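# Examination of the molecular architecture
Chain by chain, the residues run as shown.
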Amino acid sequence: MVTQPLTLSTSEVIYPDSDGQPMANNTEQFRWILVIQQNLDWLFADNPDVFVAGDLFWYPIEGKNYIVNAPDVMVVFGRPKGKRGSYLQWQENNIAPQVVFEILSPSNSQTEMERKLIFYERHRVEEYYIYNPQNNQLRGWLKTEDGLDVISEIENWVSPRLGIKFDLSGEELQIYRPDGNKFYSYMEICQLLEQEKKRAEQAETALAAERRKTQLLAEKLKALGVNPDELE
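Residues numbered from 1 in each chain as written. Predicted model: local features only at pLDDT ≥ 70, side-chain atom pairs only at ≥ 80, totals over all residues. Heavy atoms only, no water.

### Things to note about the packing of aromatic side chains
How two aromatic rings sit relative to each other is given by the distance of their centres and the angle of their planes. Inspection of every chain in the model, using the stated rule, returns 14 aromatic pairs. The interplanar angle of 85 degrees and the centroid separation of 5.2 Å between the aromatic rings of tryptophan 58 and phenylalanine 119 together place this pair among those described as edge-to-face. Of this pair, tryptophan 58 sits in strand E2 (residues 58-59) while phenylalanine 119 sits in helix H2 (residues 110-122), and the two are 61 residues apart along the sequence. Phenylalanine 119 matches tryptophan 58 in its accessibility class, with the two residues each being buried. The structure contains a cluster of three or more aromatic residues connected by ring pairs, namely Trp58, Phe119, Tyr120, Tyr128 and Trp141. Sitting over the ring of tyrosine 176, lysine 165 keeps its end group 5.8 Å from the ring centre. Arginine 177 extends its terminal NZ or CZ atom over the ring of tryptophan 42, reaching a point 4.8 Å from the ring centre. (Phe/Tyr/Trp six-rings, centres within 6.5 Å; stacked < 30°, edge-to-face > 60°. Helix = DSSP H or I, 4+ residues; strand = E, 2+ residues; numbered from the N terminus. Buried < 20%, exposed > 50% of the residue type's maximum accessible area, 1.4 Å probe, protein only. Lys NZ or Arg CZ within 6 Å of the ring centre and 35° of its normal.)

This is the structure:
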């Protein structure tokens, strides 16, 4: 007897949300993933139709759960913010992520990165960036009529989609928002908030001291028989 293979309908195909592998292989890679993802989320916080995610499985084709990738960071224009277990493109008006980032770690092989480049080109990514924190090297590709072409001059490059600028002149990559402010780490943001809190407390203390000084002066004038309100 010949047994026919079981064929699943597209509705029965399972699309896993995880492969059991860690998000990052080291602290530096993890730090950069968070910095880029969180700052892009902040940059587009007021735009309800820009979805930013980190390490999220992206399935571009319904029924083919073996065609999948999980960019370290991806940005999708034209899709609402919200929780997702994975990015199922056919449920997202068939809109592919336009911008993706990968942060290299020593475990990334050349073959793996070449395979990712082919995947992103095949599935219509418009901008693709790879950053290597170990040697401060940034590479980028931009979609053209012929596919993803290398960005030859990446120093001070401004992303057409994101409007952010890449600066490689220092010891590590600096990314700047369109308003000129740099991308901050969580620790830097906490430090800035703490500094602002201290400035506000100092201003409040100075204002309270000035009020007390004014009050004492008014009391002295009243003791001399002078109404302070009549001096105004």
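### Re the pairing of strand E6 (residues 127-132)
Taking burial as the measure, the 6 residues of E6 include 6 buried ones, the bulk of the element. Across the two faces of E6 the burial is the same, with Glu127, Tyr129 and Tyr131 and Tyr128, Ile130 and Asn132 all buried. As paired strands, strand E5 (residues 99-103) and E6 are joined by 5 bridges and run parallel to one another. Looking at the pairing, isoleucine 103 lines up with tyrosine 131 of E6. One crossover worth recording links E5 to the parallel E6 by way of H2, and it is right-handed. Taken together, the 6 bridges between E6 and strand E7 (residues 137-144) define a ladder with antiparallel strand orientation. Directly across from tyrosine 129, in E7, lies its bridge partner glycine 140. With antiparallel pairing between neighbouring strands as the criterion, E6 and E7 make up a hairpin whose turn holds 4 residues, including asparagine 136 at a positive phi of roughly 55 degrees. (Pairing = 2+ DSSP bridges. Right-handed = clockwise from strand over helix to strand, strands pointing away.)

### Details of the sheet that holds E6
Strand order in the open sheet formed by 6 strands is E1-E3-E5-E6-E7-E8, with mixed pairing between adjacent strands. Edge strands, defined here as strands with exactly one partner in the open sheet, are strand E1 (50-54) and strand E8 (147-150). Along the sheet, successive strands turn relative to each other by an average axial angle of 15 degrees, direction set aside. Against the sheet, helix H1 (residues 27-43) contacts E1, strand E3 (73-77), E5 and E6, and its axis sits at roughly 160 degrees relative to E5. Together, E5, E6, E7 and E8 form the strand contacts of H2, whose direction differs from that of E6 by roughly 160 degrees. (Axes fitted to C-alpha atoms, helices over the stretch in contact; angles between N-to-C directions. Contact = heavy atoms within 4.5 Å.)

### Observations regarding a negative patch on the surface
Judged by side-chain charge, Glu121, Glu145, Asp146 and Asp149 come together as a negatively charged surface patch. Mapped onto the secondary structure, aspartate 149 falls in strand E8. (Patch = residues over 30% accessible without salt bridge, like charges linked within 9 Å, V, L, I, M, F, W, Y side chains within 5 Å. Areas by Shrake-Rupley, 256 points an atom, 1.4 Å probe, with all protein chains shown as cover. Salt bridge = Lys/Arg side-chain N within 4 Å of Asp/Glu carboxyl O. Lys, Arg positive; Asp, Glu negative; His and termini not counted. Charge placed at Lys NZ, Arg CZ, Asp CG, Glu CD.)

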